[in-house]
Amino acid sequence: FPSHDTGNVGGKRFDLKAIFVGVSNAINAGGLSEPLDILVNPRTYGMIANDESSFRKYDAKYTPAQGTNGFEAIEYYAANGVNRIMSCACVKEGDAFGVVSKHWRFSGSQLPAFKVTGIDQQVIFPLQDNAGFAVRSYADAYLMCRMPAKQILWTNINDESVAF
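Remember, it's a predicted structure, so these values are computed and weren't measured experimentally.

**Here's the deal with the overall build of the protein**
Of regular secondary structure, the protein possesses 2 helices and 10 strands. Starting at the N terminus, the α and β elements of the protein follow one another as β-α-β-α-β-β-β-β-β-β-β-β. By the burial criterion, 29% of the 164 residues in the protein qualify as buried. When contacts within the protein are restricted to residue pairs at least 6 apart in sequence, those whose partners lie at least 24 apart make up 79%.

**Thoughts on the packing of aromatic side chains**
Tallying each qualifying case throughout the model produces 2 aromatic pairs. Their ring planes at 65 degrees and their centres at 5.3 Å tell us that F14 and W154 sit as a pair that is edge-to-face. One end of the pair, F14, is in the loop between β1 (6-8) and α1 (16-28); the other, W154, is in strand β10 (residues 152-155), and 140 residues separate them in sequence. Accessibility expressed as a relative area gives 0% for F14, which makes it buried. Considering the side-chain rings of F20 and Y76, the 4.8 Å spacing of their centres and the 75 degrees angle between planes classify their relative orientation as edge-to-face. Here the residue F20 occupies a position in helix α1, and Y76 occupies one in strand β3 (residues 73-78), the gap between them amounting to 56 residues.

**Some words on the side chain of H103**
Looking at where H103 falls in the secondary structure, it is placed in the loop between β5 (96-99) and β6 (104-113). In contact with H103, not counting residues within four places along its chain, are E34, M144, C145, R146, M147, K150 and Q151.

**What about the environment of N83?**
Counting through the fold element by element, N83 comes out in strand β4 (residues 81-87). On the basis of relative accessibility, which here comes to 0%, the residue N83 falls in the buried class. If we skip the residues at most four places from it in the chain, N83 touches V23, P35, L36, I38, I74, E75, Y76 and A78. Among the polar contacts made by the side chain of N83, one reaches the side chain of N80 at a distance of 3.0 Å.

**Brief notes about a nonpolar patch on the surface**
Together, W104, F106, L111 and L143 make up a nonpolar patch on the protein surface, roughly 410 Å² of accessible area in all. A total of 3 residues in the nonpolar patch trace back to one element, the largest contributor, which is β6. Locating L111 in the fold gives a position in strand β6.

**Points about the nonpolar core**
The tendency in soluble globular proteins is for nonpolar side chains to be buried as a group. Among the nonpolar cores identified, the biggest contains 21 residues, and F14, I19, I38, I85 and W154 are the most heavily contacted of them. If you list the elements that add at least two residues to this core, you get α1, β2 (37-40), α2 (42-54), β3 and β10. In terms of residues, this core owes the most to one element, α1, which gives 4 residues. If we skip the residues at most four places from it in the chain, I38 touches I19, Y76, N83, R84, I85, M86, F97, G98 and W154.

**Considerations on the pattern of salt bridges**
Summed over the entire model, instances satisfying the criterion amount to 5 salt bridges. E34 is paired through a salt bridge with K102; the nearest N and O atoms lie 2.8 Å apart. Remark: K102 occurs in the loop between β5 and β6 and E34 occurs in the loop between α1 and β2; sequence separation between them is 68 residues. Classification of E34 by relative accessible area gives buried; the value is 13%. Residues E34 and K150 are paired through a salt bridge, measuring 3.4 Å at the closest nitrogen-oxygen approach.

**Regarding α1**
Between its first and last C-alpha atoms α1 spans 18 Å; for 13 residues at 1.5 Å apiece the expected length is 18 Å, and the two agree. Positive backbone phi, approximately 90 degrees, marks G30, located one or two places after α1.

**Quick word on unusual backbone geometry**
One non-glycine residue with positive phi stands out, namely N156, at about 60 degrees. Residue position: N156 is located in the segment after β10.

How each quantity is defined
- Residues numbered from 1 in each chain as written.
- Predicted model: local features only at pLDDT ≥ 70, side-chain atom pairs only at ≥ 80, totals over all residues.
- Heavy atoms only, no water.
- Helix = DSSP H or I, 4+ residues; strand = E, 2+ residues; numbered from the N terminus.
- Buried < 20%, exposed > 50% of the residue type's maximum accessible area, 1.4 Å probe, protein only.
- Contact = heavy atoms within 4.5 Å.
- Phe/Tyr/Trp six-rings, centres within 6.5 Å; stacked < 30°, edge-to-face > 60°.
- Polar contact = N/O pair within 3.5 Å; in protein donor to acceptor, adjacent residues only side chain to side chain.
- Patch = residues over 30% accessible without salt bridge, like charges linked within 9 Å, V, L, I, M, F, W, Y side chains within 5 Å.
- Areas by Shrake-Rupley, 256 points an atom, 1.4 Å probe, with all protein chains shown as cover.
- Salt bridge = Lys/Arg side-chain N within 4 Å of Asp/Glu carboxyl O.
- Core = buried A, V, L, I, M, F, W, Y, C linked by side-chain atoms within 4.5 Å.
- Expected span 1.5 Å × (residues − 1).

Structure below.
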């Protein structure tokens, strides 16, 4: 990877090795010392969960009558703590984000809402020239990261390629 906060996976499949390389580069660069939430596209998450389930060993709770598998989040330990890999529909295919959630702030004078504070106006109303309704929302807000050097962006992920 060219720098500690970005990682080009090189058109390969995103797997635990790619995550380990990105996290270890960020740790070695001195920017990362806290656990990450790693947000990936649902398709990418499915590939990682499939790899993880193939490594799984069953314990005494195993029963041949019913198979239970799947994960809400995958946790693994690294030098920076317990990192969690989670699926997020807002992440486009080809990208993944490693974020330290406590360094992000969402604020503003009006959080997203269907009513503007101080104005009595309908925001859901029928269209005048078409069949249907218009729905409008209003926000005056911003998203800010206080420590961008402690975040990681992985790019150029191809789920149909070979492993990283």
